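Okay, here's what each chain looks like letter by letter:
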Amino acid sequence: MQLTSFTDYGLRALIYMASLPEGELTNITEVTEVYGVSRNHMVKIINQLSRVGLVDAVRGKNGGIRLGKAAEDIRIGDVVRAMEPLALVNCSPQFCHITPSCRLKIVLDNAVKAFLHELDSHTLADMVVDNTGLQTLLFMEHPAISVNK
């Protein structure tokens, strides 16, 4: 299974925000600079993450974006569910005439459940806590972006 770039960059954006001091705001421009993704694509990603409560968007002159809840409360599986179309195949009777007797859809459904079960055992905090290598890659390699603004 391969995640879409939408989900991939959504996870990366959340990892970046989780790496900042708690409650600190960042902005879409910083996230796009760190990951080299288009601003337009990141705006769509942040909007989706905001709609599901994973990102808090603060409007105004001193506004920005930050995690919508604590990193330890954000399960990776929940992020994937919110971002990813998880139907691996189209089993609608209009699309596939063997659907009524097909056993493959059950196998694929079980595989997705196992995949999500594994992702649910990890939080966003697991990705960032005591990860000095990540801090170096995110902040020291991008001197224009600093956690000590």
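What counts, and at which threshold
Residues numbered from 1 in each chain as written. Predicted model: local features only at pLDDT ≥ 70, side-chain atom pairs only at ≥ 80, totals over all residues. Heavy atoms only, no water. Helix = DSSP H or I, 4+ residues; strand = E, 2+ residues; numbered from the N terminus. Buried < 20%, exposed > 50% of the residue type's maximum accessible area, 1.4 Å probe, protein only. Areas by Shrake-Rupley, 256 points an atom, 1.4 Å probe, with all protein chains shown as cover. Phe/Tyr/Trp six-rings, centres within 6.5 Å; stacked < 30°, edge-to-face > 60°. Lys NZ or Arg CZ within 6 Å of the ring centre and 35° of its normal. Core = buried A, V, L, I, M, F, W, Y, C linked by side-chain atoms within 4.5 Å. Contact = heavy atoms within 4.5 Å. Salt bridge = Lys/Arg side-chain N within 4 Å of Asp/Glu carboxyl O. UniProt positions renumbered as here; feature names shortened; annotations may be inferred. Axes fitted to C-alpha atoms, helices over the stretch in contact; angles between N-to-C directions. Parallel < 35°, antiparallel > 145°, perpendicular 65-115°, else oblique. Nonpolar A, V, L, I, M, F, W, Y, C, P; charged D, E, K, R; others polar.

### Structural notes on the overall build of the protein
Per the secondary structure count, the protein includes seven helices and two strands. The helix and strand sequence of the protein, counted from the amino end, reads α-α-α-β-β-α-α-α-α. Reported as C-alpha extents along the three principal axes, the dimensions of the protein are approximately 60 × 30 × 25 Å. Within the protein, the proportion of its 149 residues that are buried is 37%. Accessible area of the protein: about 9,000 Å², with a carbon and sulfur share of 54%.

### A word on the packing of aromatic side chains
Under the defined criterion, the tally for this structure stands at one aromatic pair. For the ring pair Tyr-16 and Phe-139, a centre distance of 5.4 Å and an interplane angle of 40° mean the geometry is tilted. Taken together, the residues span a long stretch of sequence, with Tyr-16 in helix α1 (residues 5–19) and Phe-139 in helix α7 (residues 132–140) at a distance of 123 residues. Grouping residues by exposure puts Tyr-16 and Phe-139 together as buried. Taking the ring centre of Tyr-9 as reference, the NZ or CZ of Arg-12 above it sits at 4.5 Å.

### Notes on the nonpolar core
One recurring pattern in soluble globular proteins: nonpolar side chains tend to sit buried together. Leu-14, Tyr-35, Met-42, Ile-46 and Leu-124 are the most contacted members of the largest nonpolar core, which totals 38 residues. Breaking this core down by element, the ones donating at least two residues are α1, α2 (28–35), α3 (39–51), β2 (64–67), α4 (76–83), α5 (104–120), α6 (124–128) and α7. For this core, the element with the most residues is α1, which contributes eight residues. When sequence neighbours within four positions are dropped, the list of residues in contact with Leu-124 reads Leu-14, Ile-15, Ala-18, Leu-67, Ala-71, Ile-74 and Ile-76.

### Side note on the pattern of salt bridges
Applying the stated criterion to the full structure yields seven salt bridges. A salt bridge links Arg-66 to Asp-56, with the nearest nitrogen and oxygen atoms 3.2 Å apart. Taken together, the residues span a long stretch of sequence, with Arg-66 in strand β2 and Asp-56 in strand β1 (residues 55–58) at a distance of 10 residues. Using a relative accessible area of 30% as the deciding quantity, one classes Asp-56 as partly exposed. Measuring nitrogen to oxygen at the nearest pair gives 3.1 Å for the salt bridge that ties Asp-109 to Lys-113. In this pair, Asp-109 and Lys-113 both sit in helix α5, four residues apart, roughly one turn of the helix. Owing to a relative accessible area of 37%, Asp-109 belongs among the partly exposed residues under this scheme. Of the residues examined, Lys-113 reaches a relative accessible area of 52% and is grouped as exposed. Each of Arg-75, Asp-78, Arg-81 and Asp-120 takes part in a single network of salt bridges with overlapping partners.

### Side note on the UniProt feature "binding site: [2Fe-2S] cluster" (unreviewed entry) in the protein
Taking the numbering used here, the UniProt-annotated feature "binding site: [2Fe-2S] cluster" (unreviewed entry) corresponds to Cys-91, Cys-96 and Cys-102. Inspection of the secondary structure puts Cys-96 in the loop between α4 and α5. Along the chain, Cys-102 turns up in the loop between α4 and α5. For Cys-102, a relative accessible area of 17% translates into the label buried.

### What about the packing of α4 against α5?
Where α4 meets α5, the closest approach of the two axes is 6 Å, and the angle between their N-to-C directions is 130°. As the angle between them shows, α4 and α5 are arranged oblique. Between α4 and α5, the contacting residues are Ile-76, Gly-77, Asp-78, Val-80 and Arg-81 on the first element and Phe-115, Leu-116, Leu-119 and Asp-120 on the second. Classifying every residue of the contact of α4 with α5 gives five nonpolar, one polar and three charged.

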